Amino acid sequence: MERPRARRAALTVALVLFAACLFAACTDGSRGSLRDGAPTLRPSGGVSPESDDDPIPTPPSDPGPPPPTLPTSTFKSAKVCGGCHDAIYDQWTDSMHMRALTSPLMIAETNKAVRGPYAGVANPDPKRLCVNCHSPSAARVTTSASIPLGDDSTLWREGINCQTCHQFAGAPTSGGGGYSTGFMKGLAPGDTVFGGLTDPAPTSGHASARADAFDRPNTMCGNCHNVHFDLDGDGRIEKGKDLVLQQTWDEYVTDYRDRGGEGTCISCHMPVVRGLARVTNDPSTPTREVHDHSFFGVDYSLDDLAQREATRASRTALLREAARLQVDQVTSTAGLVTFRVRITNASTGHNLPTGFAFVRQMWVEARALDDAGVLVASSGLVASPDADLCEAEVLAEDSPLASFVRGCDGVDRSLVHFQQKLVDRVRVARVDGRVVRDALDQPVLEGARGSSEVLIQYLEGGPVARRRPSDGAALGLLRPFESRAFAYELATGDATTRRLVVRLLFRNVAPYFVRGLAADAAKDVPNLAELAKNLEIVEMASATIDVPPN
């Protein structure tokens, strides 16, 4: 994960919530400088971990009332910071952090949930779970749960901005970004900017202070890259009892780091920028190690093609370093080709895929070709980036989402793909009466009897693994360092396979998900269905095998 050993792949619709370098030196003469070094601000609540490898606590089950709503003028626009920190500002404008509340999918899914299963749920939580995390500073100035947030400023259009990280003076908590009493309570708006430097340069633009969270900046990711809600109020998060939608931080700290992984959230998603020596555009300020504030992951803006192009190289590099693919045990006769495909989560500090893995699609495409190079059999083959995988559970007769699928004439029974299924009701999986547990010692979930795949989260629901029709294998997520093999038997008619081409592919959003959300989102995002054509498929790994005659 850490260059050159590896880099991290796949991060959620929100990406990484942290910042590693301080906005340090402006000289616009607007206020007095802090010239005697930076004081350290310790959090007033929570428990500070000793290192980036330590778990962070879940928000308390009885946190008290949320902080008061603030005036819309409380937080400055990122454009103000950009006046002195133009390079960092430009990086941020290419980020999905900036688009955290303006992403068409975010708007459609949030508003659909607020109008639907959360309609009778009282504010502030969990009705505001989404907006709290996608823009904590904007959520502090409004009581709205749907988007736009309804304030008279443009703050919500900046999503996760400079203030979100650099005016956070609290203690990181697991999933605390989604709580109105969590991350938002640690925001300290004003004229002081927090960071991790012990020797910030004098500045007349703002005061500078060290905040405790910046001593272990990776822990800040856990605020929003665990997404859960403590339904039973016992101060613990347990699948089957509580809402659990995303566990990227837990996967990183409890699985990857505990098993010897050496990378960090920052080394992958916020690497040092080569050739950039200062965090400001003032040449007299000290040279610094500057980290990339574009926070690149696997997401991009469906409605901003310039942003998609600007981030493509970084996104592709992450994905191509994430996994390995191996093909062996190949046999071919007239009418049948058999082989085995092994997929390894090679370098990511979390599961593959991670984040909201019920929208992510990572799958195996296998093509069998005859002597003339003509396709004689396939699995996982799609005609275009906006064509769907022909997955059995989505296409089932009782599936409410089948009508949104395009490009399928039937079920691909051999399909291997790792997209989870979001269902409206879950239950704990048991074998011989005993609860099945995963690598994080959490109960494994399955769809409850009569449950359906859905496009939005229900408090009683959650993501579960799909099953492969050909052999019944559970297609769960790949843990860090995990390797898993899948056997194939593809019928080729009268032809004999002479070449086998196998690829591991990735698409950050399933096309049917976009079309499904668009079905009742015309008021919120009028052109959402059309945006499916802007989806991209990235090749993560590939193998080509010349099959000799028997």
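Since we're looking at a predicted model, the values are computed, not measured. (Residues numbered from 1 in each chain as written. Predicted model: local features only at pLDDT ≥ 70, side-chain atom pairs only at ≥ 80, totals over all residues. Heavy atoms only, no water.)

### Focus on the overall build of the chain
Scanning the chain from N- to C-terminus turns up eleven helices and 20 strands. In the chain, which comprises 550 residues, the proportion classed as buried is 58%. Restricting the contact set of the chain to residue pairs at least 6 apart, pairs at least 24 apart contribute 75%. Working note: accessible area of the chain is about 21300 Å², and carbon and sulfur atoms make up 49% of it. (Helix = DSSP H or I, 4+ residues; strand = E, 2+ residues; numbered from the N terminus. Buried < 20%, exposed > 50% of the residue type's maximum accessible area, 1.4 Å probe, protein only. Contact = heavy atoms within 4.5 Å. Areas by Shrake-Rupley, 256 points an atom, 1.4 Å probe, with all protein chains shown as cover.)

### Description of the nonpolar core
Counting residues in hydrophobic clusters, the biggest one holds 61 residues, and the most contacted among them are Tyr 512, Phe 513, Leu 517 and Leu 528. Of all the secondary structure elements, the ones that give two or more residues to this core are helix H3 (104-115), helix H4 (129-134), strand E3 (207-211), strand E4 (226-229), strand E5 (243-247) and helix H11 (511-518). Residues in contact with Phe 513, not counting those within four places in the same chain, are Glu 109, Phe 358, Val 359, Val 454 and Leu 455. The next biggest cluster of nonpolar side chains, apart from the first, holds 32 residues, and it includes Ala 322, Val 327, Val 337 and Val 341. (Core = buried A, V, L, I, M, F, W, Y, C linked by side-chain atoms within 4.5 Å.)

### As for the environment of Cys 84
In this fold, Cys 84 is placed in the loop between helix H1 (78-82) and helix H2 (86-93). On a C-alpha basis, the gap between Cys 84 and Asp 282 in space is 7.5 Å, while along the polypeptide they are 198 residues apart.

### Quick word on the sheet that holds strand E19 (residues 499-507)
Reading across the sheet, the four strands line up as E9-E8-E19-E20 and stay open at both edges, with antiparallel pairing between neighbours. Each end of this open sheet is capped by a strand with a single partner; those strands are strand E9 (375-379) and strand E20 (538-546). Neighbour-to-neighbour, the strand axes of this sheet turn through a mean angle of 15 degrees, independent of strand direction. Bridge count between E19 and E20: eight bridges; the pairing is antiparallel. Its bridge partner being in E20, Val 502 is matched across the sheet by Ala 543. In the packing of helix H9 (residues 305-320) onto the sheet, contacts are made with E19 and E20, and the angle to E20 comes to roughly 50 degrees. (Pairing = 2+ DSSP bridges. Axes fitted to C-alpha atoms, helices over the stretch in contact; angles between N-to-C directions.)

### Quick look at the pattern of salt bridges
Scanning all chains against the criterion turns up 33 salt bridges. Two residues, Glu 238 and Lys 241, come together in a salt bridge whose shortest N-O distance is 3.6 Å. Overlapping salt bridges, with partners in common, bring together Asp 234, Arg 236, Glu 238, Lys 241 and Arg 437 in one network. (Salt bridge = Lys/Arg side-chain N within 4 Å of Asp/Glu carboxyl O.)

### Observations regarding H11
An α-helical segment advances 3.6 residues per turn. Residues three or four places apart therefore align on the same side. The element H11 is extensively covered by neighbouring structure, given that eight of its eight residues are classed as buried. Among the residues of H11, those classed as buried are Pro 511, Tyr 512, Phe 513, Val 514, Arg 515, Gly 516, Leu 517 and Ala 518. Buried positions along H11 lie against H3, strand E8 (361-369), helix H10 (392-395), strand E16 (466-467) and E19.

### So, the sheet that holds strand E7 (residues 336-345)
The three strands are arranged E6-E7-E18 in an open sheet whose pairing can be described as antiparallel. Each having just a single partner strand, strand E6 (323-333) and strand E18 (483-491) make up the two edges of the open sheet. The average undirected angle you get between the axes of adjacent strands in this sheet is 15 degrees.

### Focus: the packing of H3 against H11
Running from N to C, H3 and H11 cross one another at 55 degrees; their axes reach a closest spacing of 10 Å. As summarised for this structure, H3 and H11 are arranged oblique, according to the angle between their axes. Taken as a pair, H3 and H11 cross one another with a handedness that is left-handed. Touching Leu 105, Ala 108, Glu 109 and Lys 112 of H3 are Phe 513, Val 514 and Leu 517, all from H11. For the contact of H3 with H11, the residue count by class is five nonpolar, no polar and two charged. (Parallel < 35°, antiparallel > 145°, perpendicular 65-115°, else oblique. Left-handed = near helix turned anticlockwise from the far one by under 90°. Nonpolar A, V, L, I, M, F, W, Y, C, P; charged D, E, K, R; others polar.)

### Let's talk about the confidence of the model for the chain
Close inspection of predicted coordinates is inappropriate in any region flagged by low pLDDT. This prediction gives the chain a mean pLDDT of 88; 90% of its residues lie at or above 70. A low-confidence stretch, residues 1-48 stays under pLDDT 50, and its non-local contacts, those more than four residues away or across chains, total 207 contacts. (pLDDT = per-residue confidence, 0-100.)

### So, the packing of aromatic side chains
The full count for this structure, using the stated rule, is eleven aromatic pairs. Ring geometry for Tyr 179 versus Phe 229: centroids 5.3 Å apart, planes at 20 degrees, classification stacked. Linking Tyr 179 in the loop between helix H6 (162-166) and strand E2 (192-195) with Phe 229 in strand E4, this pair joins segments that are 50 residues apart in sequence. Here the two residues Tyr 179 and Phe 229 agree in accessibility, since each one is buried. Ring pairing ties together the aromatic residues Trp 249, Tyr 252, Tyr 256 and Phe 481, which thus form one cluster. Above the plane of the ring of Tyr 488 lies Arg 468, whose end atom (NZ or CZ) is 4.6 Å from the centre. (Phe/Tyr/Trp six-rings, centres within 6.5 Å; stacked < 30°, edge-to-face > 60°. Lys NZ or Arg CZ within 6 Å of the ring centre and 35° of its normal.)

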